[in-house]
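Descriptive analysis of the structure
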Amino acid sequence: MNSAKIFEPFSIGGLQLKNRIAMAPMTRGRAGNERIPNDLMAEYYFQRASAGLLITEATVISKQGIGWIDSPGIYTDEMTEGWRKVTDKLKPTGTPIFLQLWHCGRASHSDFHNGALPVSASAVKLNGDHIHTPLGNKPYETPRALEVDEIKAVISDYRKAAKNAKAAGFSGIEVHGANGYLINQFL
């Protein structure tokens, strides 16, 4: 195999990548309590712009989707503008960036939701020791099953998050459907 192939340009879905290297999403937890992307995050992605494609860290689509300390969001105008700083900083590099959309579902805790239980496809507790919450390490809880109308609301949250990602200047989105998070809970 010729390893130089990885450094050759590649076209996919109308995007021209300068090479075939994609940076996978890695949750950083640097957005702060308000979950607004910031200059530190813009610099982080800018420093990695030699890749052909960047995929951001997991980004929550709504307050209900939160389950990680200081992870970014994309459900308010302020968050969308914060992400705009990131995409604007990357534009001169020519590197496309996708936003990873995320809802933690049962992989969350009531400490993130003012005492309300996290939600899931069904009321089945996540296997595992504990979750790190804003109030320290706690055992996972049995979530509350979403009602049909709530599922429709989550779909709407994903739709709004995708529109916000477009408004923020992203080249595309990735829906996080693995690792036991909400989409995966339905699968």
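Please refer to the structure placed before this passage.
Residues numbered from 1 in each chain as written. Predicted model: local features only at pLDDT ≥ 70, side-chain atom pairs only at ≥ 80, totals over all residues. Heavy atoms only, no water.

All right, on to the overall build of the protein chain then. Looking only at helices and strands, the protein chain has 4 helices and 10 strands in total. In the protein chain, the succession of α and β elements from N to C terminus is β-β-β-α-β-α-β-β-β-β-β-α-β-α. Its C-alpha atoms give the protein chain a radius of gyration of 17 Å, within 12% of the compact-globule value 16 Å for 187 residues. Across its three principal directions, the C-alpha atoms of the protein chain cover 50 × 40 × 30 Å. (Helix = DSSP H or I, 4+ residues; strand = E, 2+ residues; numbered from the N terminus. Rg over C-alpha atoms; globule rule 2.2 N^0.38 Å.)

Turning next to the pattern of salt bridges. For the structure on display, the rule yields 6 salt bridges. Taking the shortest distance from any N to any O, the salt bridge between Glu 150 and Arg 144 comes out at 2.9 Å. Given the relative accessible area of 23%, Glu 150 is considered partly exposed. Each of the salt bridges in this network shares a partner with another, and the network as a whole consists of Arg 84, Asp 88 and Lys 91. (Salt bridge = Lys/Arg side-chain N within 4 Å of Asp/Glu carboxyl O. Buried < 20%, exposed > 50% of the residue type's maximum accessible area, 1.4 Å probe, protein only.)

Let us now look at the sheet that holds strand E3 (residues 22-23). Across the sheet, which stays open at both edges, the 4 strands sit in the order E3-E4-E5-E10 with parallel pairing between neighbours. Two strands close off the open sheet at either side, each with one partner strand: E3 and strand E10 (172-175). Pairing geometry for strand E5 (residues 97-102) and E10, over 4 bridges, is parallel. For Phe 98, the partnering residue across the bridge sits in E10 and is Gly 172. Docked against the sheet, helix H1 (residues 39-46) engages E3, strand E4 (53-60) and E5, running at close to 150° with respect to E4. Sheet strands in contact with helix H3 (residues 148-167) are E5 and E10, and its direction is about 160° off that of E5. (Pairing = 2+ DSSP bridges. Contact = heavy atoms within 4.5 Å. Axes fitted to C-alpha atoms, helices over the stretch in contact; angles between N-to-C directions.)

In this section: the layout of surface pockets. The space that makes up the largest pocket amounts to roughly 370 Å³. For the lining of the largest pocket, the class distribution of residues is 6 nonpolar, 3 polar and 5 charged. Volume-wise, the second largest pocket comes out at about 160 Å³. In terms of lining residues, the second largest pocket is bounded by Gly 67, Trp 68, Ile 69, Cys 104, Ala 107, His 130, Ile 131, His 132, Tyr 140 and Tyr 181. (1 Å grid on protein atoms, 1.4 Å probe; cavity = no way out; pocket = protein on both sides within 12 Å on 5 of 7 lines; lining within 4 Å. Points joined across faces, edges and corners; volume = space filled by probe spheres on them. Nonpolar A, V, L, I, M, F, W, Y, C, P; charged D, E, K, R; others polar.)

Running from N to C, H1 and helix H2 (residues 77-90) cross one another at 30°; their axes reach a closest spacing of 9 Å. Like other packed secondary-structure pairs, H1 and H2 cross with a definite hand, here right-handed. Contacts between H1 and H2 involve Asp 39, Met 41, Ala 42, Glu 43, Tyr 45 and Phe 46 from the first element and Trp 83, Lys 85, Val 86, Lys 89 and Leu 90 from the second. Within the contact of H1 with H2, the residues separate by chemical class into 7 nonpolar, no polar and 4 charged. (Left-handed = near helix turned anticlockwise from the far one by under 90°.)

Quick look at unusual backbone geometry now. Of note in the backbone geometry, Asp 70 takes a positive phi value of approximately 60° without being a glycine. For Asp 70, the position within the fold is in the loop between E4 and H2. Asp 70 gets classed as partly exposed once you look at its relative accessible area, which sits at 23%.

What follows covers a negative patch on the surface. Together, Glu 34, Asp 77, Glu 78 and Glu 81 line one region of the surface with negative charge. Relative to the helices and strands, Glu 78 resides in helix H2. (Patch = residues over 30% accessible without salt bridge, like charges linked within 9 Å, V, L, I, M, F, W, Y side chains within 5 Å. Areas by Shrake-Rupley, 256 points an atom, 1.4 Å probe, with all protein chains shown as cover. Lys, Arg positive; Asp, Glu negative; His and termini not counted. Charge placed at Lys NZ, Arg CZ, Asp CG, Glu CD.)

A few words on the pairing of E4. Side chains on a regular strand alternate between the two faces of the sheet. Taken across its 8 residues, E4 has 8 buried, putting it largely inside the fold. Alignment of E3 against E4, held across 2 bridges, turns out to be parallel. When the bridges of E4 are listed, Ala 22 appears paired with Leu 53. For the segment spanning E3, H1 and E4, crossover handedness is right-handed. Pairing between E4 and E5: 5 bridges, direction parallel. Considered in E5, the bridge of Val 60 is made with Trp 102. As for the winding sense of the linkage, the β-α-β connection from E4 through H2 to E5 is right-handed. (Right-handed = clockwise from strand over helix to strand, strands pointing away.)

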